[in-house]
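Analysis of the macromolecular model
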Amino acid sequence: MPFLSNAFQDVNTRVSYRSVIPVSATNDFILQELYKMKTMQTRVFVVHISSSLASRFFLKVKEAEMMSEGYAWIVTSGLMDLFYSLDSHVVESMQGVVGVKPLIPTSRRLRSTTRKWKRKFLEDNPSISSQAEMSLYGLWAYDTLWALAMAAEKVGIREPSTSGSKFAFNSTNMFATEISQTGPKLLGAILGTTFQGLGGIFRLVNGQLEMSSFQVLNVVGKELKEVGIWEPRTQNSGEEYVNRISFSGEKLKNITWPGESKNVPKGWEFPVSGKKLKVGVPARAGFTQFVKVERDPQTNGFKISGYYIDLFDSVMANLHQGAVRYEYVPFETNGDSSAVSYDALLYEVFDGTYDAAVGDITITANRSQFVDFTLPIEEGGVKRTQKIQYENPNDEWFFLKPLTKELWLTVIALFILTGVALWILEHRFNRAFRGPPSEHVGLIFYIPFMSLVFAHRERIVSNLARVVVVVWVFVVLILSSTYTASLSARLTAWKLQKADTDVNVLIRNGDYVGCREGSFIVQYLKDLGFDESKIRTYNDPADVDDALSRGSERGGITALFSRTPYTNLFLSKYCDKYMKVGSPFLTEGFAFVSTIVSSID
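Residues numbered from 1 in each chain as written. Predicted model: local features only at pLDDT ≥ 70, side-chain atom pairs only at ≥ 80, totals over all residues. Heavy atoms only, no water.

**Looking at the overall build of the chain**
- Counting secondary structure elements, the chain contains 17 helices and 26 strands.
- In the chain, which comprises 601 residues, the proportion classed as buried is 36%.
- Pairs at least 24 residues apart make up 67% of the contacts formed inside the chain by residues separated by at least 6 positions.
- For the chain, the computed accessible surface area is about 35,600 Å², with 56% contributed by carbon and sulfur atoms. (Helix = DSSP H or I, 4+ residues; strand = E, 2+ residues; numbered from the N terminus. Buried < 20%, exposed > 50% of the residue type's maximum accessible area, 1.4 Å probe, protein only. Contact = heavy atoms within 4.5 Å. Areas by Shrake-Rupley, 256 points an atom, 1.4 Å probe, with all protein chains shown as cover.)

Below is the structure:
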């Protein structure tokens, strides 16, 4: 049993209780132990007892109504191997039991030997059921005698191999037994003997029979139904070879559990007499739509409601095994209902003050180290919200906004380049392009500008210059159309200013940012590079609205960082004032919380 307990611990399974039942125990003692285990939460039991005690034990299990749906009974190989020697009433009380025993490979020799043994056994015991089978211990004993005989032949014992001068003396024994001189040789021969026996390959490793494969068996009716096979696989780990048990096949076959149930037992249950679960709830959540805690003035108790509360109630009501009693307990940080530290709430779950926690609780790697989260019940992500900024139509430079600065510079450069090109191509052939330098500069700026309305008086005589003018006029027509359309749109409807999506801009500018008080986002913003003095926390959405409206310059904040559900709910109320900015930061979602527990009896 200590080895079995250690093996359970290796797979993170805790043995919550051990029941020691003496072979001489009375039926009342067995019932008392069973009733004690029935009041516990665990519904998985491993039984390691002799066949004689099992004959009484399982009858009492059925009498205690513990061989019903929701229970799981697992027996070890010692009992499972002697299954067919049990009384029919005992077998009837073991319906749904799962057990293991070493796998015996079938062979012609095994069938022949078993048939002869069974015939002889029934002749000597006519009252025994015809289902009697040769036990595993019988097969091992048979193979052991064969190994001894083979070793003796190998050593070659032909005459008495004892020495009269050596005796093994025992004061309690009236006879003196001589010591065999070939004993060490015989022992060495046995340890080196390997052959295919009735029980499989006979090979001794460190003096023990080599590990064999195991059958996983299910008691169904009067038979044992094979539902799977576990086999040892040798893996090379550095210089050593390590035996590891692994499952052969994708999954176990369908098991019939106690109570003829096909549903896999969940392994635990809160009995009616068990304690009531204490479920911690943040007294002050981000939005009352998610969790709302109110004090009833009549009863002075708490009234707890909200979306996540309804969801948790629905889950608990649909558990397939019995009702679980629980109660919600509001959690406050240092007695202050206006502030809640979610990390402190989860530590209370870990410490055992609460059995679980429900609310807008985010899954984080640090929290997962000491509490267990369910699957996410809400999408994850942290989003950034900022005030909507519109362009001012009364700006004196508003007429320049339809085109970008880069496009304006390109137009000016093209304007000058066109004038220079026309002067170079025309001044050698056209008298109008000749004169003092001041007139040349004037023509460079005058001709491109007047060509916009075809009002220039100078005649173009060079074909190349005419091509330049045509290209310039074509470009001007496109630009003027684009400018007119953009300006008309800006004068008709205000345009949003493009917000900078880089969070580093907020850090460099020293802007104040906000988040929920008690949230993990405070530490998250610090990790992004924000100074702690630039982070402001809020509890009420109305306070966030006021802070964003005032901005950093007037004691508010420039941006709000909040979970995706908060952001969506906040913008559903203030969508005309604020907007999402940039891509969301990837995080896990919301989940329910419980302590990390895995136990077995």
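**Regarding helix 2 (residues 27-38)**
- A rise of 1.5 Å per residue sets the reference length of helix 2, with its 12 residues, at 16 Å; its end C-alpha atoms lie 16 Å apart and thus fit the reference within 8%.
- All of the buried residues along helix 2 are Ile30, Leu31, Glu33, Leu34 and Met37. For helix 2, the angular spread of the buried residues around the axis is 160°, confining them to a single face. The exposed residues of helix 2 that point more than 90 degrees off its buried face are Asp28 and Gln32.
- Each element contacted by the buried residues of helix 2 is listed here: strand 2 (44-47), helix 3 (51-63) and strand 3 (72-75). (Expected span 1.5 Å × (residues − 1). Arc of directions from axis to C-beta.)

**Structural notes on empty space enclosed by the protein**
- Counted by the stated rule, this structure contains 2 cavities of 30 Å³ or more.
- Its volume calculated, the largest cavity comes out at about 120 Å³.
- Around the largest cavity, the lining is made up of 13 residues, and of these Phe287, Arg516, Pro541, Val544 and Leu560 lie nearest the centre.
- Grouping the amino acids of the lining of the largest cavity by side-chain chemistry returns 8 nonpolar, 3 polar and 2 charged.
- Around the second largest cavity, the lining residues are Tyr342, Asp360, Ile361, Thr362, Arg367, Arg516, Ser519, Phe520, Arg563, Tyr566 and Phe590. (1 Å grid on protein atoms, 1.4 Å probe; cavity = no way out; pocket = protein on both sides within 12 Å on 5 of 7 lines; lining within 4 Å. Points joined across faces, edges and corners; volume = space filled by probe spheres on them. Nonpolar A, V, L, I, M, F, W, Y, C, P; charged D, E, K, R; others polar.)

**Describing the confidence of the model for the chain**
- Mean pLDDT over the chain stands at 79; residues scoring 70 or higher make up 78%.
- Element-level mean pLDDT values for the chain span from 45 in strand 26 (residues 599-600) up to 93 in strand 3.
- Note on residues 162-169: pLDDT under 50 across the span, and 17 contacts to partners over four residues away in sequence or across chains.
- Below a pLDDT of 50 lies the segment residues 236-245, which in the model reaches 19 contacts outside its immediate sequence neighbourhood of four places, other chains included. (pLDDT = per-residue confidence, 0-100.)

**Topic: the pairing of strand 14 (residues 277-282)**
- When you tally the buried positions in strand 14, you get 5 out of 6 residues, the bulk of the element.
- Note: strand 14 against strand 17 (residues 326-331), 6 bridges, orientation parallel. Within strand 17, the residue paired with Pro282 across the bridge is Phe331.
- Sheet topology places strand 14 next to strand 18 (residues 356-357); 2 bridges connect them, and they run parallel. Following the sheet pairing, Gly280 is matched in strand 18 by Ala357. (Pairing = 2+ DSSP bridges.)

**Let's talk about the sheet that holds strand 18**
- Within the open sheet, the 5 strands sit side by side as 17-14-18-25-19. Their pairing is mixed. Because the sheet does not close on itself, it has two edges, and the strands there are strand 17 and strand 19 (372-373).
- Strand contacts of helix 9 (residues 307-317): strand 14 and strand 17, with the helix running at about 155° to strand 17, the strand carrying the most contacts. (Axes fitted to C-alpha atoms, helices over the stretch in contact; angles between N-to-C directions.)

**Section: helix 9**
- Among the residues of helix 9, those classed as buried are Tyr308, Ile309, Phe312 and Met316. Buried residues in helix 9, looked at end-on, bunch into an arc of 105°, giving them a common side.

**Concerning the nonpolar core**
- With 39 residues, the main nonpolar core has Ile361, Phe373, Phe570 and Val593 as its most contacted residues.
- Other than its neighbours up to four places away in sequence, Phe570 contacts Phe287, Thr385, Pro541, Val544, Asp545, Leu548 and Tyr578.
- Counting 30 residues, the second-largest nonpolar core is a separate cluster that includes Phe57, Met67, Val91 and Val219. (Core = buried A, V, L, I, M, F, W, Y, C linked by side-chain atoms within 4.5 Å.)

**Focus: the pattern of salt bridges**
- Counting across every chain of the model gives 9 salt bridges.
- Between Lys292 and Glu294 there is a salt bridge, with the nearest N and O atoms lying 3.3 Å from each other.
- Residue class for Glu294 comes out partly exposed when judged on its relative accessible area of 32%. (Salt bridge = Lys/Arg side-chain N within 4 Å of Asp/Glu carboxyl O.)

**Some remarks on a nonpolar patch on the surface**
- A contiguous nonpolar patch, built from Leu409, Ile412 and Ile416 and spanning about 270 Å² of accessible area, is present on the exposed surface.
- Position of Leu409 relative to the elements: it lies in helix 11 (residues 405-426). (Patch = residues over 30% accessible without salt bridge, like charges linked within 9 Å, V, L, I, M, F, W, Y side chains within 5 Å.)

**A word on the UniProt feature "transmembrane region" (unreviewed entry) in the chain**
- The sites that carry the UniProt feature "transmembrane region" (unreviewed entry) are, in the present numbering, residues 407-425 and 467-489.
- In residues 407-425, the share of helix is 100% and the share of strand is 0%. The end C-alpha atoms are 27 Å apart.
- Across residues 467-489 one finds 100% helix and 0% strand; the C-alpha atoms that close the span lie 34 Å apart. (UniProt positions renumbered as here; feature names shortened; annotations may be inferred.)

**Thoughts on the sheet that holds strand 20 (residues 382-387)**
- The strand order 22-21-23-20-24 describes an open sheet built from 5 strands, whose pairing is mixed. In the strand order of this sheet, the two ends are held by strand 22 (535-538) and strand 24 (578-585), each with one partner. Neighbour-to-neighbour, the strand axes of this sheet turn through a mean angle of 30°, independent of strand direction.
- Looking at chain direction, strand 21 (residues 513-516) and strand 23 (residues 559-563) are connected through 2 bridges and run parallel. Bridge assignment links Gly514 to a residue of strand 23, and that residue is Leu560.

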